Every structure is written in structure tokens, then in C-alpha cells.
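The lines below spell out each chain.
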Amino acid sequence: MSFKIYEINEELLDVMPQEIRDLQFKATWGNPKRGVMDLPYSKELIEEHSLCAGCPESMALRYILASLPNPEDTIIVNSTGCTSLVFPHIALHTVHSLFGNQNAVASGIKRVLEWRFPDKVKDVVVLAGDGATVDIGLDCTLQSFFRQEKITTICFDNEVYANTGGQESGLTVKGHVFKMAPKGKQWDKVPFWQIAIDSGCHYVARLTVSSPKRVETVIKKAIYVAREVGPTYVHLYTPCILEIGLNSDDGLDEMRQRDKERFAFFEYMTPQAEEVINRKKEEGLL
Amino acid sequence: MPEQKVVDADWLLLEAPRERKFITGAQAMAEAVKRANVDIAIAYPITPQSEVMHLVGDIWAQGYLKDYYRAEEEYGAMSAIAGAVRGGARAFSATSGPGLLRGIEAIASWPGHRIPAVLGVLTRVVNAPLSIQPDNVEIAYLLHCGMVVLHAENQQDVFDFTLASFVISEKVDVYIPIAVCTEGFFVTHAKGYVNMTPEDMKLPPRDPYKAPVPPTDCEIPPARIQRDAPVQKSNFMSYLIHAVWQQEVWASNRRAMKYIYKYLGGPIEVVNPDAEVFIVASGCAAAQGREAVRYAQLEGLNVGLVKVKSIRPFPEREIREVLSKAKAVIVPEHNIVGWLAKEVKASIPDNDKVIGGPRVYGGMTLPVELIMEKVYEAFGIKKEKKVVV
């Protein structure tokens, strides 16, 4: 592991800001059993955040960062959108390249790290919104699945282009009125979790982030399977409360409602993925 | 895995023994990649580039490279190149015309992301209407990306520029990508003599820690790093960082000039420096310009050539000096927009002496006679045109 890069020179310890010292002493490094239950007690890898108050995406980011089994050797590739606003606040090696090319960038990084560090586990995780994953980035997303790149792709589906001011996306539900769809969306929401299965992902899950523990389990499964078998895909509902007219404290209720319908928990795994997941359960890591 | 000895980069580029081979431009580019200790190459088909990446695929299959694959398309290919270089690899790709434009969002982001990759640009018309011929208008789109742009005249240049580009782009005070351009078909599919360094010697591997920015590999501080300017922080930070970053990219581009002097003998080559009339040309047009100088000599006309090897950084000072006493300047080009003529006009004070053209486009050949017409015009010579029916 590369925990050493978080270690502060002793001579400088007393002048370093508290939040940087906390990263060394209070964050959970080198412990694959870390998880959302550590949130109240440990230093989080996200330093505040720049999203709207009550944004479910901010919850998702906190749960995911708390659940990474190997944060000291995890690279996150993100894309343009609300998620990209958060990355400068995250204490990991992250990449923002362009809008839509995240899976291609991740492919390049993962392939190189595999041969540069044959004796280490380096996890590469893609984290992007619905526009980046399914509209502008569809080609790069799917082709990385076809090529069986060993990366985990997480889509934050808020069913809208939120950061650009609320335009319809491929994952908006039919009939919903957003900008650029002033008469309501004309076609169905793209069932991308199904497309991910058909495109060769070995583990696919669809869920909201209403249950932190469930998010943790899914993220860990997705990363362990990607490490050993091939591409994995996690589809998370993170509603944009601003664009659908809800208050700051309504996000959780909105997700709980959708838990019962179009975001009902769904999980798929190939036999190879199941073997990895069962083994990790036996090892007490899931 | 073929046995190749790692040798000093300066020695390999400047002093190593050379063997003469009669090969195509595509072969010359692949042979340079073979000697450059490249880790990964990412390919996508487009004529006339494909030949280069087929050959690079072959040398990967022979064990010279660690990784190679056919990408989704050029945007994905160039994005994955950026990923691979961030991860610490030495990377290569090549493309042509429409493929270059499809990839250009990613390519234009390389300098800002400090991605020292080498890109072969084997020119082809930019559609529409559809054609595959070697018009070089696409180079105009590369000029403002921040990357170093070299333009090769022939197969020898392709080999030398490509091999040197891996060294120059990874210099800590440069650290931006380099495009090695040449005309498709005219150079890529035609054979010429190339003096090549020994096949069993290669450049030292890339050291990703000898860099102005850290690789994205979780092995080096700072731990909290989005390596690129974090423009998401705030609008104020965004203006400031982006402005400073662009200044740095263009300063890096200018700093590449000293290495172009060191490894490529300078950004220009001058034939007959005391000429009255100069032809300024790059790429294939320089080869035709060279021939026009010979024609002119036979007719007793004092014509010289300035071959421009480096389009970015553009050798303004050097060109201004050479052209200071010229009576007229002729700029033949393989494109309709005349991007080189514009660069030359912007570099000299008395630019009304620049005769833009002749220009051929759509991928046509550039007959020396067309350049000679401009030479006669410059000398005020009236020639009767022979019309053969």
C-alpha cells in the first residue's frame, strides 16, 4: 500500500493544518474492513463538499469513499458535472480529464498500473453522472466493458443534467419536462444496468443511496470483482433535489420512495463474480 | 522478447552508428517507435495512418511494447493515451485527418494535462466530400493546442523526428505532447532511404517521477491530488489557475526549441542563404521546394529554400533573419487555407513580399512547375505557357 504518501514529515507536524494531520492519524488506511460504520469516528477522505445542502450525491460520495477497500491504492477517474465539483476536496489521486472519456482514461491508467506494479493491487474506479456515463460517454463506457477492462464504473444517476442547469438526459424518465425537453421527454429512460449486463459486466447493481450499509456492500463487491475478473457497474439513484423541486431534507424520502419502484434493488453477477464474492465473504471482507 | 540494450538518449540520437534502409514513411515511424522503448500504443483505423499502427501492432506482437489495442475511436484512443501517460507509461498513437479532428478534444487537452505523448499525424483531407488524399489542412487545427508540432519532409525526417520527440516531450522543462506530421501516401506509402540507429538499441525507459507533475499512481505525494488545475474550486480560482496554466503550457512549448536545436539541427534548414527569392515550405512541399531551387539554379535564378521543421514552436526569429534581405517569399502548401503563409506573414515586418502559394488541395500533388511560375513572377519574368492539347 502507499499509505506512506500520507505521512507528514515529523519536523512539520506542528505546523500542518489539523485536517491534513487527521488524514494521517484518524483516517482508515490499510484496513479493507473499513466501511460506513467508521464515518462518525474516523477522518473522512472528503473534506467538506461543494454540492447543494442535502444533495444525495454528497451522501453517495461519502458512503463510497468510506467503503473503498483499498483507498491508499485507489485512483478515481471522474467526469464533468456535479461530481467533478467534489474531487478537489478528496484526498486521493483522482483524475478529471474531459466530459465523457472517463472509461477510456481509466482503461489507460489501469493497464499501465497492472504492469508497473505487478505485486500491488491498484484499484481504478470511474465515478461519473448519467450524462457522462450514458449520453456523451456511452461509447467509451460500453467499449471499456467490451474490452473487459478491470475497472469499476459507478454512475450517479440523477436523471438530469444538473450542473448545466437542468436539461433532459438519456436517463430522464419519459414525459418528464426539463430544459431541452420542453414538451416532456419523448422516449423511455435507458435501462443502462441491463445494457451493462449485455455488454459484459461481471457484477451489476442498481440501487438508491438510501441505505449506507447496502451501498458499502455493493461498492466492495464491485471493486473486488473488477480486481480479479473484469468490468463491474453500479447504478446509483442520487436525485437532484434542486431540479425536481424538493427541499434540502427531502432527498432521503425521495430515494426511499424510488426504492419501491424504478430503483428497486437489483443485483446481477456472473459465476466468476459469485466465486470472488463468496470467497471475500469467507474472508470476512464482505 | 527481443534483446535491446538501453543506451544514452543523446548518444542514440546524435552519435550512434546508422544503417541505411530503403523503407516507407510508415515503416520509418514504426522503426522509430521500436527504438524508443515505448510501453503502450493505442490504435484506431483510418487511411492513410493505419499502415503505421499495423506495423506498431506487429512490433508489439514481437515483444517490443508491453501493451497495444484497437480503441473504440480516436476520442477514446487519445483519452486512453492520456490515462496511460498519467499512469507512468511512454505512449504512442497515430491518426489522420477526420480521425485527428475526432480525437482533437482529447488531444487539445494533453498539453494542459501535461501528457508527454507522441502522436503521428499522417495527413489526409478533412471531409466533406469524402476523400482519403493527403491534404494537410488538419495541421491548422493543431497549431493552437499548445503541443509541439513538427512537420517531416521525408522518410528520414519521420524516423528522426519521431525518435527525438519521445526524448524532447519528456524533458522536465517541456513535458507536453509532440505531433510528428507528414503527408499521407506521399511519405507514408512511398519509400525513401533512411539512416537508422541500430535495431538492438533503445532509449532509456520513461521515468514518470522525473516530471513537473506527479503520475497518478498513488505512489507519490501529494496525496490529495487532482493533478490538473482544480478549476472546480471556485470561479476566481478557475480564472487564475487556467490563465497561469496556459502561460505555462506555451512557455513549455517555447522551451522545446532548445531541444529542437540540439536533436534536430534547429527548427529550419536553409538552402542558399544569400538568395534573392526564398521558398518557405514544410513537409512534402519542402521537398518540391528543394527541387524548385535546383530548377532555378539551372536557369541562373538566385533562389533559396527555408524548410520549416518545427511549426510549433514557430521559428519567428530565425525566419525573420533569413528573410530580411529577400526580395520575395514564396510559400507553397498542400492546403487551401495557407496556414504556413499566415505564420510567415506574421513573423516578418515587410510581409507584402510574401507570395501566398502555390497551393494544391484535396490531396493533389504539387508539381515543381507550379512553384516555378511563382519564381518567375517574383523575378518579373514573363514565360509563355505551353499548352499541350
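Rules behind the numbers
- Residues numbered from 1 in each chain as written.
- Chains lettered and ligands numbered in written order.
- Predicted model: local features only at pLDDT ≥ 70, side-chain atom pairs only at ≥ 80, totals over all residues.
- Heavy atoms only, no water.
- Phe/Tyr/Trp six-rings, centres within 6.5 Å; stacked < 30°, edge-to-face > 60°.
- Helix = DSSP H or I, 4+ residues; strand = E, 2+ residues; numbered from the N terminus.
- Buried < 20%, exposed > 50% of the residue type's maximum accessible area, 1.4 Å probe, protein only.
- Lys NZ or Arg CZ within 6 Å of the ring centre and 35° of its normal.
- Patch = residues over 30% accessible without salt bridge, like charges linked within 9 Å, V, L, I, M, F, W, Y side chains within 5 Å.
- Areas by Shrake-Rupley, 256 points an atom, 1.4 Å probe, with all protein chains shown as cover.
- Salt bridge = Lys/Arg side-chain N within 4 Å of Asp/Glu carboxyl O.
- Contact = heavy atoms within 4.5 Å.
- Buried area = accessible area lost by both parts, 1.4 Å probe.
- Polar contact = N/O pair within 3.5 Å; in protein donor to acceptor, adjacent residues only side chain to side chain.
- Domains from an automatic or database assignment.
- Axes fitted to C-alpha atoms, helices over the stretch in contact; angles between N-to-C directions.
- Parallel < 35°, antiparallel > 145°, perpendicular 65-115°, else oblique.
- Left-handed = near helix turned anticlockwise from the far one by under 90°.
- Nonpolar A, V, L, I, M, F, W, Y, C, P; charged D, E, K, R; others polar.
- Core = buried A, V, L, I, M, F, W, Y, C linked by side-chain atoms within 4.5 Å.
- Disulfide = S-S within 2.5 Å.

Asker: Which parts of the structure should I look at to understand the packing of aromatic side chains?
Answerer: To describe a pair of aromatic rings, one takes the distance between the centres and the angle between the planes. Residue and element names in this part refer to chain A. A complete count under the given rule lists nine aromatic pairs over all chains for this structure. Measuring from ring centre to ring centre gives 5.2 Å for F192 and Y233, while their planes differ by 80°; the resulting arrangement is edge-to-face. With F192 in helix α7 (residues 192-198) and Y233 in strand β6 (residues 232-237), the pair connects residues that are 41 residues apart, well separated along the chain. Looking at F192, the relative accessible area reads 0%, which means it is buried. An aromatic cluster is defined as three or more aromatic residues linked by ring pairs; in this entry it consists of F145, F192 and Y233. A cation over an aromatic ring shows up here: R214 above the ring of F265, its NZ or CZ 4.4 Å from the ring centre.

Asker: Got a minute to help me understand a nonpolar patch on the surface in this structure?
Answerer: A cluster of nonpolar side chains, contributed by F236(B), M237(B), L240(B) and V244(B), occupies part of the molecular surface with about 380 Å² of accessible area. Its place among the elements puts V244(B) in helix α8 (residues 235-264).

Asker: Looking at this structure, I do not really get the interface of chain B and chain A. What am I missing?
Answerer: By a widespread convention, an interface's size corresponds to the accessible area lost as its parts come together. At the interface, 43 residues of chain B touch 46 residues of chain A. Summed over both sides, the interface of chain B with chain A buries roughly 3,500 Å², with 55% coming from carbon and sulfur. At the boundary of chain B and chain A, one finds six salt bridges. The residue K122(A) makes a salt bridge to E219(B) at a minimum N-O spacing of 2.5 Å. Counting across the chain B and chain A interface gives 14 residue pairs in polar contact (both at pLDDT 80 or more). Taken together, the elements giving at least two residues each to the side of chain B that touches chain A come down to β4 (67-70), α4 (74-86), α5 (97-113) and β11 (225-226) of chain B.

Asker: Explain the domain arrangement of chain B here, please?
Answerer: All names here are of chain B. Here the domain parsing of chain B yields domain 1 (5-202) and domain 2 (268-379). The partner domain 2 presents 23 residues to the 23 residues of domain 1 that form the contact. Both faces considered, domain 1 and domain 2 share a buried interface measuring about 1,800 Å² in area, 60% of it formed by carbon and sulfur atoms. The largest per-residue losses of area from domain 1 upon contact with domain 2 belong to L143, H151 and E153, which jointly make up 36% of the total buried on that side. Here R290 makes a salt bridge to E153, at a shortest N to O gap of 2.7 Å. Counting across the domain 1 and domain 2 interface gives 13 residue pairs in polar contact (both at pLDDT 80 or more). Within the residue set of the side of domain 1 that touches domain 2, elements represented by two or more residues are α6 (138-142), β7 (148-151) and α7 (155-169). Sort the elements by how many residues they give to the side of domain 1 that touches domain 2 and β7 lands first, with four residues.

Asker: Please clarify how the packing of α4(B) against α5(B) should be interpreted in this entry.
Answerer: To characterise two packed helices, one gives the angle between the axes of the helices and the distance between these axes. Residues and elements named next belong to chain B. At a closest axis distance of 7 Å, the pairing of α4 and α5 adopts a crossing angle of 25°. Looking at the two axes, α4 sits roughly parallel to α5. For the element pair α4 and α5, the recorded crossing hand is right-handed. Judged by residue contacts, E74, Y75, M78, S79, I81, A82 and R86 of α4 engage G99, R102, G103, E105, A106, I107, W110 and H113 from α5. Of the residues belonging to the contact of α4 with α5, the class tally is seven nonpolar, four polar and four charged.

Asker: Teacher, can you tell me more about the nonpolar core here?
Answerer: Generally speaking, nonpolar side chains in soluble globular proteins are found buried as a group. Residues and elements named next belong to chain B. The biggest cluster of nonpolar side chains holds 55 residues, and the ones touching the most others in it are W110, L142, V306, V308 and L323. Of all the elements, α4 adds the most residues to this core, at eight residues. Formed jointly, this core draws a minimum of three residues from each of two domains, domain 1 (5-202) and domain 2 (268-379). Contacts of V308, omitting those with residues within four sequence positions, involve H151, P267, I268, V280, A281, S282, F314, P315, I319 and L340. Formed by 54 residues, the second largest nonpolar core is a distinct cluster that contains M29, Y64, M196 and Y259.

Asker: Looking at this model, I keep getting lost on the state of the cysteines. Mind explaining?
Answerer: One covalent bond between the sulfur atoms of two cysteine residues makes up a disulfide. With the rule as written, the count across this model stands at zero disulfides over all chains. Free cysteine: C240(A), not disulfide-bonded; nearest cysteine sulfur from C82(A) at 6.3 Å. Of the residues examined, C240(A) reaches a relative accessible area of 12% and is grouped as buried. Of all cysteine sulfurs in the structure, the one in C181(B) sits closest to C284(B), which takes part in no disulfide; the separation is 12 Å.

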